[in-house]
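The primary structure of each chain is shown beneath.
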Amino acid sequence: MTRPLLPRAACLASVLTLAAVLPAGMAFAQVSPAQFSMQSPVGAPSAPPSEGKASGMPSPMACPSDPVDLPPELAAWTSRKPLLAARDTRSLSGARIDPGKAIEGGLRPTSEMRYAQRPEKPGGSVSFGGLYTFSVADAGSYRVALGAAAWVDVVKAGAKAGNGTVMTSTAHGHGPDCSGIRKMVDFTLQPGTYLLQISGNAMDRLPLLVTRLP
């Protein structure tokens, strides 16, 4: 059985009554579901905070104030002496380094450099580089440790200028944490004289060590 329809006047009265009890501005307003955030079920875990906001970005590892312990082959790293690099092979006499002794290298603007062999990564106009020479008495594996991410080439001196051989590296790595050693490159070398080419460094200073591995 159907219910009798209310008179039009009764319907209008009901609507006016509803509008009166609603807060001002909300009567007959259409509400979109997007205006309300979804609620998690009771007991459900809340979403983790966004990284880099309330929790903050992770801080870099803190290093001790005292120098870290280094393996014997790198022990000389903390006792560096300044040595200016050569800009070409004719001025190498003042840029000789001894394996096992670290230096605080002084580099030249890339625009001044005249490398014996073109580096694979020579660097741009605002970078720095340099040439050093060193001698190997005993065959073995040697490591070049750098305080920055510069490009390094070891060249076996040839009979004539420009006829040297670029040695192939055997390993790459990072130095011990908090040591200041950014990059390490290993080479297998025979007795003789070698040229160390540094290129593409961001600064005109570069801590450097050539050392024989045990």
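The written sequence of each chain sets the order in which its residues are numbered from 1. Thresholds applied to this predicted model are a pLDDT of at least 70 for local features of residues and 80 or more for the giving and counting of side-chain atom pairs; totals over whole chains, interfaces and linings are not thresholded and use all residues. Excluding hydrogens and water, the side-chain values take into account all heavy atoms of the structure.

Novice: Hey, could you run me through the environment of His174 in this one?
Specialist: Structurally, His174 can be placed in the loop between β8 (169-173) and β9 (183-189). With 29 residues separating them along the chain, His174 and Ala145 place their C-alpha atoms 8.8 Å apart. Every residue pair with non-hydrogen atoms within 4.5 Å of one another is taken to be in contact. Excluding anything up to four places from it in sequence, His174 contacts Ile181, Arg182 and Met184. Counted as a polar contact is a pair of N or O atoms within 3.5 Å, where, for protein atoms, one must be capable of donating a hydrogen and the other of accepting one, and residues adjacent in sequence contribute only when both atoms are in side chains. Engagement of the side chain of His174 in a polar contact is seen with the backbone oxygen of Arg182, the distance being 3.1 Å. Put simply, DSSP H or I for four residues or longer makes a helix, DSSP E for two residues or longer makes a strand, and each gets a number counted from the N terminus.

Novice: Would you explain the pattern of salt bridges in this entry?
Specialist: Pairing between side chains becomes possible if they bear opposite charge and their charged atoms approach one another. Salt-bridge detection follows one rule: a side-chain nitrogen of Lys or Arg within 4 Å of a carboxyl oxygen of Asp or Glu. In the structure shown here, the tally under the stated rule is five salt bridges. With a shortest N-O distance of 2.7 Å, Glu104 and Arg80 are connected by a salt bridge. With Glu104 in strand β2 (residues 103-106) and Arg80 in the loop between α1 (8-21) and β1 (81-84), the pair connects residues that are 24 residues apart, well separated along the chain. With a relative accessible area of 27%, Glu104 lands in the partly exposed category. The classification of residues rests on relative accessible area computed with a 1.4 Å probe and restricted to protein chains. Under 20% of the type maximum is buried, over 50% is exposed, and intermediate values are partly exposed. The class for Arg80 is partly exposed, based on a relative accessible area of 31%. We note a salt bridge from Arg143 to Asp186, for which the minimum N-O separation is 2.7 Å. Separated by 43 residues along the polypeptide, Arg143 in strand β5 (residues 140-146) and Asp186 in strand β9 bring together distant segments of the chain. Across the pair, exposure class does not vary: Arg143 and Asp186 are buried alike.

Novice: Sorry if this is basic, but what is going on with the sheet that holds β9 here?
Specialist: Hydrogen bonding along the main chain pairs the strands of a sheet, whether they run parallel or antiparallel. When DSSP finds at least two bridges between two strands, those strands are taken to pair. Strands sit in the order β1-β2-β11-β5-β9-β8 across an open sheet of six strands; the sheet is mixed. Only two strands of the sheet have a single neighbouring strand rather than two, namely β1 and β8. Going from strand to strand, the sheet's axes swing by 25° on average, the running direction of each strand aside. Where β5 lies against β9, seven bridges are found, and the strand directions are antiparallel. Bridge assignment links Ser141 to a residue of β9, and that residue is Thr188. A fitted line through C-alpha atoms serves as each axis, taken over the contacting stretch for helices, and the angle formed by two N-to-C directions is quoted from 0 to 180°.

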